[in-house]
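Breakdown of the fold
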Amino acid sequence: MDPENIEKEAIREAGEILKAGGLVAFPTETVYGLGGNALDEKAAEKIYEAKGRPSDNPLIIHIAELSALDKIVTEVPENARKLAKKYWPGPLTMIFHKSSCVPYGTTGGLETVAVRMPNHPVALELIRAGGGYVAAPSANTSGRPSPTCSSHVEEDLTGRIDRILDGGPVGIGLESTIVDFTEEVPTILRPGYINQEMLEAVIGPIRMDRGLISADSDVKPKAPGMKYRHYAPKADLLVVEGSPEKVQEKIRKLAKEKVQEGFQVGIIATDESADCYPLGLVKSIGTRKDEESIARHLFGVLREFDDCGVSFIYSEAFDTPQMGQAIMNRLLKAAGQQKIQV
Ligand code: TXA
Ligand code: MG
């Protein structure tokens, strides 16, 4: 479906599926979501089942109108209103205390609820057609990289859901930034396209969840979903950090060792560095001149390596200006936090 030229009948049908308690996958600007009626506990149950997702991992409720917020939360702090005004519709999720109409099935048993207004015409029209409240996790099998095009959704969920709305590849490629407003100081639970600086420019100081800063320590992240090994490719993934020359040299050395031992090796490089690796299956994730290209291709590249039969993947680090924290958060999760500094 062309996002600029929405097929009204297809949206209407998909809306009917949601209203009847069924599941519809749909594009957003971040990743594809797997939608069900957020106010229907049974629909939430089906989402968990289709994804194979642990039921303590809460879902985000997607809305299409700001006025929809007041029905599902008890209170909206002033600063959250400011962020909504600036960044909604957009890749920002905010957490509030839930009102009684939100079933615990949707919030994984929590008293709080995550809400977001996606910036994608197909998503917004579907939400409106489906009754206004669509619970949607990323539309992948639990543990796999989030889907950034409809074929990823098909790979994971064909036969398990009622419909897929194909709106082409997504724009951002990483899931939304999550800010928790149920803490004394607003707290980032998941980094995304909208970074700390962009949030602080609107509402002043906020915190980063301690479980995120020290992802390899004992502190548990507050967002239940952030504690799981995620995006994990079948191969063993190692991230190499340092200056470009040293990183390339180290990856060449590691790749050579493994190839000599008889293993197939994958390398995640950029347009600038791809030619520096004579051995291994080299994939460029994008160009360092455009960090958005790197974010957009990360999950797709991880999926591609799953189909290539490589046993080891070495990746460069991507400390880019705006989304570096979000990109590295996802990449290191995929690597089970395995990294070396050179
Ligand atoms: O960009 C996105 O946010 C995508 C698209 C589809 O909108 N959705 C998405 O949903 O990434 P999901 O379910 O894959 O990730 C939701 C994250 C999980 O880590 C979950 O634990 C956290 O949000 N979360 C949801 N509700 C929460 C709550 N009440 N308290 C703390 N964390 C919560
Ligand atoms: Mg997810």
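Please refer to the structure higher up on the page.
Now for a look at the structure at hand. Predicted, not measured: the structure shown is a model, and the values here were computed from it.

Here we look at the side chain of His62
- Checked against the element boundaries, His62 lands in strand 3 (residues 60-62).
- Of note is the side chain of His62, whose polar atom sits 3.2 Å from the backbone oxygen of Ile60.
- Ignoring sequence-local partners within four residues, the contact set of His62 consists of Arg116, Pro118, Ile127, Gly132, Tyr133, Val134 and Ala136.

Considering the packing of aromatic side chains
- Inspection of the entire model under this criterion finds three aromatic pairs.
- Here the aromatic rings of Tyr231 and Phe299 are separated by 4.8 Å at their centres, their planes lie at 35°, and the arrangement is tilted. Residue Tyr231 is found in the loop between helix 9 (210-213) and strand 11 (236-241), and its partner Phe299 is found in helix 11 (residues 291-306); the two are separated by 68 residues along the sequence. Both residues of the pair, Tyr231 and Phe299, count as buried.
- Their ring planes at 75° and their centres at 5.1 Å tell us that Phe263 and Phe312 sit as a pair that is edge-to-face. Pair noted here: Phe263 is in the loop between helix 10 (244-260) and strand 12 (265-269) and Phe312 is in strand 14 (residues 312-316), with a separation of 49 residues, a long-range link.

Brief notes about the pattern of salt bridges
- Under the definition given, this model contains 20 salt bridges.
- A salt bridge links Arg144 to Asp306, with the shortest nitrogen-to-oxygen separation between them at 3.1 Å. Separated by 162 residues along the polypeptide, Arg144 in the loop between strand 6 (134-135) and helix 7 (150-157) and Asp306 in helix 11 bring together distant segments of the chain.
- As a salt-bridge pair, Lys222 and Glu183 come within 2.9 Å of each other at their nearest N and O atoms. Placement of the pair is Lys222 in the loop between helix 9 and strand 11 and Glu183 in the loop between strand 8 (177-180) and strand 9 (187-190), with a sequence separation of 39 residues.
- For Glu183, a relative accessible area of 30% corresponds to the partly exposed category.
- When salt bridges that share partners are traced, they join Arg144, Glu155, Asp156, Arg303 and Asp306 into one network.

A few points about the side chain of Ser176
- Relative to the helices and strands, Ser176 resides in the loop between strand 7 (163-164) and strand 8.
- With a relative accessible area of 2%, Ser176 lands in the buried category.
- Only 2.7 Å separates the side chain of Ser176 from the side chain of Thr93, close enough to count as a polar contact.
- If sequence neighbours within four positions are ignored, Ser176 has contacts with Thr30, Ile60, Pro91, Leu92, Thr93, Arg116, Arg190, Pro191 and Arg330.

Let's talk about the pairing of strand 9
- Here strand 8 runs beside strand 9; their pairing, made up of three bridges, is antiparallel. Bridging across to strand 9, Asp180 finds its partner in Thr187.
- The parallel pair strand 9 and strand 10 (residues 207-208), bridged by helix 8 (residues 196-203), forms a crossover whose chirality is right-handed.

Here's the deal with the packing of helix 1 (residues 8-19) against helix 6 (residues 121-129)
- Following both chains from N to C, one finds helix 1 and helix 6 inclined at 50°, their axes separated by 8 Å at the closest point. Classified by the angle their axes make, helix 1 and helix 6 are oblique. At the point where helix 1 passes helix 6, the crossing takes the right-handed sense. The residues of helix 6 that touch helix 1, namely those facing Ile11, Ala14, Gly15, Leu18 and Lys19, are Val122, Glu125, Leu126 and Ala129.
- Its residues placed into classes, the contact of helix 1 with helix 6 shows six nonpolar, one polar and two charged.

Brief notes about the site of ligand 1
- Contacts to ligand 1 come from 28 residues, most closely from Thr30, Asn57, His62, Ser176 and Gly225.
- Pro224 is positioned with one of its backbone polar atoms (N or O) 3.3 Å from an oxygen atom of ligand 1.
- At 2.6 Å, a backbone N or O of Gly225 approaches an oxygen atom of ligand 1.
- Against a free-state accessible area of 680 Å², the protein chains account for coverage of 98% of ligand 1.
- In terms of residue count, the dominant contributor to the shell around ligand 1 is strand 5 (residues 112-116) (four residues).
- Of the residues assigned to the shell around ligand 1, the class counts are 16 nonpolar, eight polar and four charged.

What counts as what
- Residues numbered from 1 in each chain as written.
- Chains lettered and ligands numbered in written order.
- Predicted model: local features only at pLDDT ≥ 70, side-chain atom pairs only at ≥ 80, totals over all residues.
- Heavy atoms only, no water.
- Helix = DSSP H or I, 4+ residues; strand = E, 2+ residues; numbered from the N terminus.
- Polar contact = N/O pair within 3.5 Å; in protein donor to acceptor, adjacent residues only side chain to side chain.
- Contact = heavy atoms within 4.5 Å.
- Phe/Tyr/Trp six-rings, centres within 6.5 Å; stacked < 30°, edge-to-face > 60°.
- Buried < 20%, exposed > 50% of the residue type's maximum accessible area, 1.4 Å probe, protein only.
- Salt bridge = Lys/Arg side-chain N within 4 Å of Asp/Glu carboxyl O.
- Pairing = 2+ DSSP bridges.
- Right-handed = clockwise from strand over helix to strand, strands pointing away.
- Axes fitted to C-alpha atoms, helices over the stretch in contact; angles between N-to-C directions.
- Parallel < 35°, antiparallel > 145°, perpendicular 65-115°, else oblique.
- Left-handed = near helix turned anticlockwise from the far one by under 90°.
- Nonpolar A, V, L, I, M, F, W, Y, C, P; charged D, E, K, R; others polar.
- Near = heavy atom within 4 Å.
- Areas by Shrake-Rupley, 256 points an atom, 1.4 Å probe, with all protein chains shown as cover.

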